[in-house]
Amino acid sequence: MHVANTFACCKLCLPTHSSLILTTNVDLGDDKSSILKELSSLVATTTGKPESYVAISVTDKASMVFGGSDAPLALGCMYSLGAINKENNGKIQSGVTDVLEKYGVKEDRIYINFFDMERGEII
């Protein structure tokens, strides 16, 4: 593989101006597309970023344990250029909870890490 191609592939893995990467052990079934769109809108609205600068990734049916239990859970990483603060983080946490509760994931089983990115860290 060419070095340029490797770099291009890595660019796809890096967060855009705002991105949410969420992994859960529940089966989201045929609702995954609507969940992605709902989370995209949530992140755009909460961060004040245009939705064209928001990326969402959701992986379901993952092998996971939290607190020694494999009961329904979700882990996430939220990256943003600015817009990471206590108020916004709470809104995103609450919105993710609203989306996943109907699949049996309780609020205390959702853990999201928030990362405020510097401009030089985003390609």
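Conventions adopted
Residues numbered from 1 in each chain as written. Predicted model: local features only at pLDDT ≥ 70, side-chain atom pairs only at ≥ 80, totals over all residues. Heavy atoms only, no water. Helix = DSSP H or I, 4+ residues; strand = E, 2+ residues; numbered from the N terminus. Contact = heavy atoms within 4.5 Å. Buried < 20%, exposed > 50% of the residue type's maximum accessible area, 1.4 Å probe, protein only. Pairing = 2+ DSSP bridges. Right-handed = clockwise from strand over helix to strand, strands pointing away. pLDDT = per-residue confidence, 0-100. Axes fitted to C-alpha atoms, helices over the stretch in contact; angles between N-to-C directions. Salt bridge = Lys/Arg side-chain N within 4 Å of Asp/Glu carboxyl O. Patch = residues over 30% accessible without salt bridge, like charges linked within 9 Å, V, L, I, M, F, W, Y side chains within 5 Å. Areas by Shrake-Rupley, 256 points an atom, 1.4 Å probe, with all protein chains shown as cover. Lys, Arg positive; Asp, Glu negative; His and termini not counted. Charge placed at Lys NZ, Arg CZ, Asp CG, Glu CD.

Novice: Where do I start with the side chain of Gln 93 in this structure?
Specialist: In this fold, Gln 93 is placed in helix H3 (residues 86-101). For Gln 93, the contacting residues outside a window of four places in its chain are Glu 107, Ile 110 and Ile 112.

Novice: Looking at this structure, how should I read the environment of Lys 102?
Specialist: Relative to the helices and strands, Lys 102 is located in the loop between H3 and strand E4 (110-117). Between the C-alpha atom of Lys 102 and that of Leu 28, which follows or precedes it by 74 residues, the distance is 9.8 Å.

Novice: Could you clarify how one ought to interpret the pairing of strand E3 (residues 74-81) in this entry?
Specialist: Working note: regular strand, side chains alternate between the two faces of the sheet. Most of E3 sits out of view: six of its eight residues are buried. Two strands pair when backbone bridges link them, and E3 and E4 are joined in this way by eight bridges, in the parallel orientation. By the bridge assignment, Tyr 79 is partnered in E4 with Phe 115. Of the crossover connections in this fold, the one passing from E3 over H3 to the parallel E4 is right-handed.

Novice: Looking at this structure, I do not really get the confidence of the model for the protein chain. What am I missing?
Specialist: The predicted coordinates of low-pLDDT regions are not to be read in fine detail. Per-residue confidence for the protein chain gives a mean pLDDT of 87, with 82% of residues at or over 70. Ignoring residues within four places in sequence, the model shows residues 1-15, a span with pLDDT below 50, making eight contacts including any to other chains.

Novice: How should the sheet that holds E3 be read in this particular structure?
Specialist: Hydrogen bonding along the main chain pairs the strands of a sheet, whether they run parallel or antiparallel. Spatially, the four strands line up as an open sheet ordered E2-E1-E3-E4, and their pairing is mixed. Taken across any chain shown, the strands that pair with only one partner, and hence form the sheet edges, are strand E2 (54-59) and E4. In this sheet, adjacent strand axes meet at a mean angle of 10 degrees when their direction is disregarded. Of the pairings in the sheet, the one linking strand E1 (residues 18-24) to E3 comprises seven bridges and is antiparallel in character. Considered in E3, the bridge of Ser 19 is made with Tyr 79.

Novice: I would appreciate a short explanation of the pattern of salt bridges in the present structure.
Specialist: It is possible for side chains bearing opposite charge to pair when their charged atoms get close. According to the stated counting rule, one finds two salt bridges in the structure shown. Taking the shortest distance from any N to any O, the salt bridge between Asp 60 and Lys 32 comes out at 3.0 Å. Residue Asp 60 is located in the loop between E2 and E3, and its partner Lys 32 is located in helix H2 (residues 32-47); the two are separated by 28 residues in the primary sequence. In this structure Asp 60 comes out as buried when scored by relative accessible area, which is 11%. A salt bridge links Lys 91 to Glu 87; the nearest nitrogen and oxygen atoms lie 3.2 Å apart. Here Lys 91 pairs with Glu 87, and both are found in helix H3, just four residues apart, close to one helical turn. Relative accessible area serves as the criterion here: at 43%, Lys 91 is assigned to the partly exposed category. Looking at Glu 87, the relative accessible area reads 55%, which means it is exposed.

Novice: Just to check I follow, could you spell out a negative patch on the surface for this structure?
Specialist: On the surface, Glu 38, Asp 98, Glu 101, Glu 107 and Asp 108 cluster together to form a negatively charged patch. Within the secondary structure, Asp 98 is located in helix H3. Owing to a relative accessible area of 47%, Asp 98 belongs among the partly exposed residues under this scheme.

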